[in-house]
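# Residue-level structural notes
Chain residues, written in single-letter form:
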Amino acid sequence: QVQLVESGGGLVQAGGSLRLSCAASGRTFSMGWFRQAPGKEREFVAAVTWSTGWQYTADSVKGRFTISRDNAKNTVYLQMNSLKPEDTAVYYCTADRGGVMPADARRVDYWGKGTLVTVSS
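From a predicted model like this one, the values you see are computed outputs, not experimental measurements.

### A few points about the pattern of salt bridges
- By the definition in use, this model includes 6 salt bridges.
- The shortest N-O distance in the salt bridge between Arg35 and Glu43 comes to 2.6 Å.
- Assessed through its relative accessible area of 6%, Arg35 is described here as buried.
- For Asp104, the salt bridge goes to Arg106, with nearest N and O atoms at 2.9 Å.
- Assessed through its relative accessible area of 76%, Arg106 is described here as exposed.
- The network of salt bridges with shared partners includes Arg35, Glu43, Arg64 and Asp87.

### Here's the deal with the environment of Arg97
- Mapped onto the secondary structure, Arg97 falls in the loop between β9 (89–96) and β10 (110–111).
- In this structure the C-alpha to C-alpha distance between Arg97 and Tyr110, which are 13 residues apart in sequence, comes to 8.8 Å.
- Not counting residues up to four positions away in its chain, the partners in contact with Arg97 are Phe29, Asp109 and Tyr110.

### With respect to the packing of aromatic side chains
- Summed over all chains, the structure comprises 5 aromatic pairs.
- Centroid distance Phe34 to Phe44: 5.6 Å. Interplanar angle 80°. Geometry classified as edge-to-face. With a gap of 10 residues between them, Phe34 in strand β4 (residues 30–36) and Phe44 in strand β5 (residues 43–49) connect regions that are remote in the sequence.
- Phe34 gets classed as buried once you look at its relative accessible area, which sits at 0%.
- We classify Phe44 as buried; its relative accessible area is 13%.
- Members of the aromatic cluster, connected to one another through ring pairs, are Phe34, Phe44, Trp54, Tyr56, Tyr92 and Trp111.
- In this structure, Arg42 is placed above the aromatic ring of Trp111, and the distance from its NZ or CZ to the ring centre is 4.6 Å.

### Some details on the sheet that holds strand β3 (residues 18–25)
- Spatial strand order, β1-β3-β8-β7: 4 strands in an open sheet with antiparallel pairing. Taken across any chain shown, the strands that pair with only one partner, and hence form the sheet edges, are β1 (3–7) and β7 (65–70). With direction set aside, neighbouring strand axes in the sheet form an average angle of 15°.
- Relative to strand β8 (residues 75–80), β7 runs antiparallel, the two sharing 6 bridges. When the bridges of β8 are listed, Arg69 appears paired with Val76.

The rules behind these values
Residues numbered from 1 in each chain as written. Predicted model: local features only at pLDDT ≥ 70, side-chain atom pairs only at ≥ 80, totals over all residues. Heavy atoms only, no water. Salt bridge = Lys/Arg side-chain N within 4 Å of Asp/Glu carboxyl O. Buried < 20%, exposed > 50% of the residue type's maximum accessible area, 1.4 Å probe, protein only. Helix = DSSP H or I, 4+ residues; strand = E, 2+ residues; numbered from the N terminus. Contact = heavy atoms within 4.5 Å. Phe/Tyr/Trp six-rings, centres within 6.5 Å; stacked < 30°, edge-to-face > 60°. Lys NZ or Arg CZ within 6 Å of the ring centre and 35° of its normal. Pairing = 2+ DSSP bridges. Axes fitted to C-alpha atoms, helices over the stretch in contact; angles between N-to-C directions.

Here you go:
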């Protein structure tokens, strides 16, 4: 069983930055982040494969968000820059036993409890 613990959420003004962290216990193959805004479905944000470090991000955050991982610490990070009010959401750390994180939230194996990011205008 994999447990995921997120940290780093909070309130920030538009244009600001935040860094989310997620520590995993147990073996994972790919890790990533999804988010869910009020009244909306969960959506894929970014992911990184554990073995090759291949990163991929959603078009909505490309160029602003960067995902990275520290294999020694079994931790993944999401650096969020140039934040916009529409980035406001609960951000969930995810892990999957597959080599590539599914973009469909229903297919993801493990979820953290989430951390709230609020971007004020």
